[in-house]
Amino acid sequence: KLQNRSALMLLLAVLACAGLATAYDNGLGRLPPMGWNTWCTNDLCGALDICTETEIKSVVDGIKAQGLDKLGYKYINMDDCWSAETRNATGHLQPDPKNFPSGMKALADYIHDAGLLFGLYTCVGTKTCRDGRPGSYGHWDLDAQTFASWGMDFIKADNCNRPSNITEQEAYGNLSQALNKTGRPMFFSLCEWGDADVQYWGGDFGQMYRIQMDHLPFWHFPGDAAGKGIGQGTGDIIEYIGTLRPSTFVRPYAWMDPDFLETLFYPTLSFVDSRTEFTFWSLWSAPLIVATDLRNLSAEKKSIVTNTEVIAIDQDPLGSAGDRLANYSTGAQVWAKRLANGDQAVVLYNSHNFNTVSVSVNWTMLGWEPTASVAIRDLWEQKDLGVYTQGYSNAAIKPHDVQLLRLHPSS
């Protein structure tokens, strides 16, 4: 693995000369993708490793019936659960015949007829991460052509079982090129876990790249998985990304991916934790791919995933990401993100596990004159709070909770 950015940049220059560092520019990914993934639906976030065409169709129907597609939830993505254990006689990938008796093309047609988009999982190694299904290593062109022939719109590539004689950049570069050569635009997601300083090169190979180890539906969880980070819980991810200054790397067509949203996974991710999760993913312009069930939304879940004002922060056309501006010993934190119209999204966050804290932001922190008049709107409460000068303070933010504000300076 590369030890510093200079070595990484040198390697990328070599790869570019070899034709391997072609940017994945196919017109997709101007804004972060939104949708659903199988990982935590009818499953324990991959522990059972189950998905079926019946499940997929029912989620498509549920998304349409509730109007989620009109809010931007377009991608229907299957994770490491769909493939048969072996390739077919001609060496092609094939779906599990029991769970997908109609085949991938028929399922893609069903999804496309509903006006939605279809995504599949593969791996740049010899086998996938779950149950040793066939990976795409050494089959770059064949698998890319297979995905295109099925009508795929989104490909996620994991990083398990990658042979030691090929680097992450080479492996993802090979699959990126192969996908581009098919002539079918497909959104390419690098599930590389944040290794090898992927934030410096991931956007040259795909439209989104994982920045850390797998996310699990807990607030804190020890970091036992492969990849970068300090843990696998939602709070752990927030702390790790706070050290990265994501605005340095995030841009249109190159989205930093903290992994799936695991909104209201029962019983380990509460309403407050889930709302905070959605807040930060939106602040980072992260993909909003929900892995829990989007059928028959509860009132609580609907209040989170259908809040159009929060979604607008994620989908803001400037395509930047929010950074942590202040981190106090009390657990109080201040984060901010610049928006296309000159507004700023500000998160007042309490990272403490037990104490209620006061969190304040002042205009100097945001690069504004202290005397500026700023209109403030609370996006979760969906109400205007008034016009303020100097700054704004919330004296009672509960543990793990946030206040998400949109600040509009007067002209």
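Whatever comes next refers back to the structure up there.
Residues numbered from 1 in each chain as written. Predicted model: local features only at pLDDT ≥ 70, side-chain atom pairs only at ≥ 80, totals over all residues. Heavy atoms only, no water.

Draft legend 1. Structural detail: the state of the cysteines. In this structure the tally under the stated criterion is three disulfides. Disulfide partner of cysteine 40: cysteine 45, at an S-S distance of 2.1 Å. Taking the sign of the S-S torsion, 115° for the link of cysteine 40 and cysteine 45, the bridge is right-handed. Given the relative accessible area of 5%, cysteine 40 is considered buried. Two residues share a disulfide in this structure: cysteine 51 and cysteine 81, whose sulfurs sit 2.1 Å from each other. In this structure, the disulfide formed by cysteine 51 and cysteine 81 twists by about 100° around the S-S bond and is classed as right-handed. With cysteine 51 in the loop between strand 1 (34-37) and helix 2 (53-65) and cysteine 81 in the loop between strand 2 (75-77) and helix 3 (104-113), this residue pair connects regions lying 30 residues apart in the sequence. For cysteine 81, a relative accessible area of 5% gives the class buried. For the protein, numbering the cysteines in disulfides from first to last along the sequence yields the connectivity 1-2, 3-4, 5-6. The thiol sulfur of cysteine 123 is not disulfide-bonded, and the nearest other cysteine sulfur, from cysteine 129, lies at 4.7 Å. Its relative accessible area of 0% is what places cysteine 123 among the buried residues. (Disulfide = S-S within 2.5 Å. Buried < 20%, exposed > 50% of the residue type's maximum accessible area, 1.4 Å probe, protein only. Helix = DSSP H or I, 4+ residues; strand = E, 2+ residues; numbered from the N terminus.)

Draft legend 2. Spatial organisation of the sheet that holds strand 9 (residues 323-327). One open sheet holds the six strands; their spatial order is 9-10-11-16-13-14, and the pairing between them is antiparallel. Each end of this open sheet is capped by a strand with a single partner; those strands are strand 9 and strand 14 (383-388). Here the average twist between neighbouring strands, direction ignored, is 25°. In terms of strand pairing, strand 10 (residues 332-338) meets strand 11 (residues 344-350) through seven bridges, oriented antiparallel. Paired with arginine 338 across the strands is glutamine 344, a residue of strand 11. With respect to the sheet, helix 6 (residues 234-242) is in contact with strand 9, strand 10 and strand 11, its orientation differing from that of strand 10 by roughly 65°. (Pairing = 2+ DSSP bridges. Axes fitted to C-alpha atoms, helices over the stretch in contact; angles between N-to-C directions. Contact = heavy atoms within 4.5 Å.)

Draft legend 3. Representation of the layout of surface pockets within the structure. Space inside the largest pocket adds up to approximately 400 Å³. Forming the boundary of the largest pocket are 25 residues, of which Trp39, Cys45, Arg130, Asp214 and Leu216 lie nearest the centre. Of the residues belonging to the lining of the largest pocket, the class tally is 15 nonpolar, three polar and seven charged. (1 Å grid on protein atoms, 1.4 Å probe; cavity = no way out; pocket = protein on both sides within 12 Å on 5 of 7 lines; lining within 4 Å. Points joined across faces, edges and corners; volume = space filled by probe spheres on them. Nonpolar A, V, L, I, M, F, W, Y, C, P; charged D, E, K, R; others polar.)

Draft legend 4. Representation of the side chain of glutamine 207 in the model. Its location among the elements puts glutamine 207 in the loop between strand 5 (187-190) and strand 6 (208-210). Taking relative accessible area as the criterion, glutamine 207 reaches 0% and is therefore assigned buried. Within the local environment of glutamine 207, its side chain forms a polar contact with the side chain of asparagine 26, the two groups lying 2.9 Å apart. Reaching out from glutamine 207, the side chain makes a polar contact with the backbone oxygen of leucine 28 at a distance of 3.4 Å. (Polar contact = N/O pair within 3.5 Å; in protein donor to acceptor, adjacent residues only side chain to side chain.)

Draft legend 5. How the structure looks around helix 3. Of all the positions in helix 3, only Met104, Leu107, Ala108 and Ile111 are classed as buried. Taken down its axis, helix 3 places every buried residue within 100° of arc, on the same side. In this structure, the buried side of helix 3 is in contact with helix 2, strand 2, strand 3 (117-123) and helix 4 (140-150). Just past helix 3, the residue glycine 115 takes up positive phi, approximately 80°. (Arc of directions from axis to C-beta.)

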